[in-house]
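# Inside the fold
What follows is each chain in one-letter form.
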Amino acid sequence: MEKSKEIFGNEMPKKVYRKAVRTKKKNIRRFGDDSGISYQVKIEKNKHIGDCLGVMDVRLSPEGEGKGDTFDVEKGLIVGNIRMGFGHYRISMAIASAANAMGYIPYWMDLNSYKHTTCTKVISAQNDLYSLGSRISAKSRIFNRLVWEPLNYEGFRKLSYNASDQKNAELMAPVFGNIPKQIPVVATHVWPAQAAIHGGMKNVVNAIPDNWPMALHLAEGSLHTVQTHFAYQGYRILNGMKGKDVLHPMPAGDLVFTGHYVDHELVSNLEQDCKARRERKKAGAPMRFLLTIGGAGAQKEIFAAIIRHMLPAVEKGQAALYINVGDYKNVWEELVKELPELGRRAKEHFDDWDETRKFCEEALCGPVEGIHGFYHADIFEAVYCTNLLMRSCDVLVTKPSELAFYPVPKLFIKRVGGHEQWGAVHSAELGDGTLECEDIPHTLQMLELFLREDTLFCGMCDAIENNKKAGIYDGAYRVVELAAGMRRA
């Protein structure tokens, strides 16, 4: 049965299906239909994370523009993703890192990078809307309460939303036209998973990112993986995805709990990084706080308050700040305009990838003082910069999104979207992160607890080491194992 009519045995109302069909037709009128085009494949090493993670980029060109390259179908693994904020790229990097460490070749397919395709045009339009909504929600409490929180919390949860997405995914399928059908695909956003299924790919793993079960993330025909037991139970029974109705559950073979998706470099060095954190705390060295300002800088006001509060501690040598604004230089400029002392005191590590990597390596063993700002125009460098800085930081300050699952002590600021709150709940229960600080005063209170005492901080380091022993952070390895196993089956 057509995927928009029935989802895991749950029949959709006729009006839901008709709406999905109308949405697809609307997108065809707006973005075209390239289902008759055979895109040629070009494979080349990623110049930013190719050496460290073994990533090979998959580029597409219209038919007739040269002979397409071939894949290593025995060792290759497609990492399917989109650029929507930083989260899905970061999860893709975790999968690529694990695949590379396990001897596989990670082929990177960003469905939001093929600008001449209908697929990318559809995704880019959705991405623009989501980014706009994130920025407005940070500035308008009314919009956040009445529109953004309900959409992210309940709107995306509904099966009817998945029905529309499945129709749109039919327009994305052509990008997989010349990809070998047996090569495994690990998708870190549902749209690449859905597109791969519609494109005839045989072995698709849908790595679900969030802890709040939503029908948005369903790609029937793929193997769904989740990072928590809470998410597993919610997805298994499709909890609340059609109001209070009791639904046909997902088949047991379609859903697997794996643990957290984390890069090999972070997992394999976890113990020595926690040891270094404890030693710095005991020695009274400046405590290193990594501030990650993702998306379009939607939470700039919160970070400005944090920096302003921390300036005296930095002056006294009690704290050091890493501030990564990703690929949004305007956010840095706005922060400096609001806090002129930041501009006078910060050392800028801007658009020099070699210099940034050198700093990150030296910070693992050497001293760090003052304030360090990081900006990189390239999306790979912008995202992976945080991963490199994570190893030498003491506390990661972030919203509770994909970074909630990383093995580093974390201070969670206010979420962007209701679904994110469950990342903070999960982390707090595991002991490797704080509760979500829903306003600036509580955020500053938590900062002071990290700075002035040992209990909270050292307890998180202990929890991180115990979680590793329990296999909590092995999710990326497990996803790769599952994908490789599908090829052999």
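In this report, we go over the structure that sits alongside the text.

Thresholds, definitions, all that
Residues numbered from 1 in each chain as written. Predicted model: local features only at pLDDT ≥ 70, side-chain atom pairs only at ≥ 80, totals over all residues. Heavy atoms only, no water. Axes fitted to C-alpha atoms, helices over the stretch in contact; angles between N-to-C directions. Helix = DSSP H or I, 4+ residues; strand = E, 2+ residues; numbered from the N terminus. Left-handed = near helix turned anticlockwise from the far one by under 90°. Contact = heavy atoms within 4.5 Å. Nonpolar A, V, L, I, M, F, W, Y, C, P; charged D, E, K, R; others polar. Pairing = 2+ DSSP bridges. Polar contact = N/O pair within 3.5 Å; in protein donor to acceptor, adjacent residues only side chain to side chain. Buried < 20%, exposed > 50% of the residue type's maximum accessible area, 1.4 Å probe, protein only. Parallel < 35°, antiparallel > 145°, perpendicular 65-115°, else oblique. 1 Å grid on protein atoms, 1.4 Å probe; cavity = no way out; pocket = protein on both sides within 12 Å on 5 of 7 lines; lining within 4 Å. Points joined across faces, edges and corners; volume = space filled by probe spheres on them.

## Considering the packing of helix α1 (residues 14–31) against helix α6 (residues 159–170)
In the contact formed by α1 and α6, the axes pass within 8 Å of each other and the chain directions differ by 35°. At the point where α1 passes α6, the crossing takes the right-handed sense. Residue-level contacts link Val16, Tyr17, Ala20, Val21, Thr23, Lys24 and Asn27 of α1 to Ser160, Ala163, Ser164, Lys167, Asn168 and Glu170 of α6. Counted by class, the contact of α1 with α6 contains five nonpolar, five polar and three charged residues.

## A closer look at the sheet that holds strand β12 (residues 287–292)
The sheet built from seven strands is open, its strands ordered β14-β15-β13-β12-β16-β17-β18 with parallel pairing. Bordering the open sheet on either side are β14 (346–350) and β18 (433–436), each of which pairs with just one other strand. Between one strand axis and the next, the sheet turns through 15° on average, direction left out of account. Two strands pair when backbone bridges link them, and strand β17 (residues 410–412) and β18 are joined in this way by two bridges, in the parallel orientation. Its bridge partner lying in β18, Phe412 is registered against Glu436. The sheet strands contacting helix α12 (residues 329–338) are β13 (319–324), β14 and β15 (371–375), and the helix crosses β14 at an angle near 170°.

## Looking at the side chain of Thr228
Structurally, Thr228 can be placed in the loop between β9 (223–226) and α8 (229–236). Among the polar contacts listed, one links the side chain of Thr228 to the side chain of Asn211, at a separation of 2.4 Å.

## Some thoughts on the pairing of β13
Among the six residues that make up β13, six are buried, leaving the element largely enclosed by the rest of the structure. Because side chains alternate across β13, one face comprises the buried residues Ala319, Leu321 and Ile323, and the other comprises Ala320, Tyr322 and Asn324, equally buried. Direction of pairing for β12 relative to β13: parallel, over a ladder of six bridges. When the sheet's bridge partners are listed, Leu290 is paired in β13 with Tyr322. Pairing between β13 and β15: four bridges, direction parallel. Paired with Asn324 across the strands is Phe374, a residue of β15.

## A word on helix α7 (residues 190–198)
The buried fraction of α7 is high, at eight of nine residues. Burial in α7 covers these residues: Val190, Trp191, Pro192, Ala193, Gln194, Ala195, Ala196 and Ile197. One or two steps after α7, the chain reaches Gly200, where phi turns positive at roughly 90°.

## Here's the deal with the packing of helix α17 (residues 440–452) against helix α18 (residues 455–469)
One way to put it is that α17 packs onto α18 with a least axis distance of 6 Å and a crossing angle of 80°. By the angle class used here, α17 and α18 are roughly perpendicular. Seen from α17, the contacting residues are Met446, Leu449 and Phe450; seen from α18, they are Leu456, Phe457 and Met460. Partitioned by chemical class, the residues of the contact of α17 with α18 number six nonpolar, no polar and no charged.

## What to know about the environment of Met250
On the secondary structure map, Met250 appears in the loop between β10 (241–244) and β11 (255–257). With 15 residues separating them in the primary sequence, Met250 and Tyr235 have C-alpha atoms 7.2 Å apart. In contact with Met250, not counting residues within four places along its chain, are Phe8, Leu218, His224, Tyr235, Arg236, Leu238 and Leu255.

## A word on unusual backbone geometry
Backbone geometry at Leu238 places phi at a positive 50°, although glycine is not the residue there. Following the sequence through the fold, Leu238 ends up in the loop between α8 and β10. Residue classification places Leu238 among the buried residues on the basis of a relative accessible area of 1%.

## Notes on empty space enclosed by the protein
Applying the stated criterion across every chain yields a total of two cavities of 30 Å³ or more. Estimated volume of the largest cavity: approximately 60 Å³. Around the largest cavity, the lining residues are Leu266, Leu270, Asp273, Cys274, Arg277, Met390, Arg391, Pro407 and Val408. Among the elements of the structure, α10 (270–283) and α15 (379–392) are those that each provide at least two residues to the lining of the largest cavity. Looking at the lining of the largest cavity residue by residue, the class counts come to six nonpolar, no polar and three charged. Reported here for the second largest cavity is a volume of approximately 40 Å³. Asp210, Asn211, Trp212, Pro400, Ser401, Phe405, His419, Glu420, Trp422 and Gly423 are the residues that line the second largest cavity.

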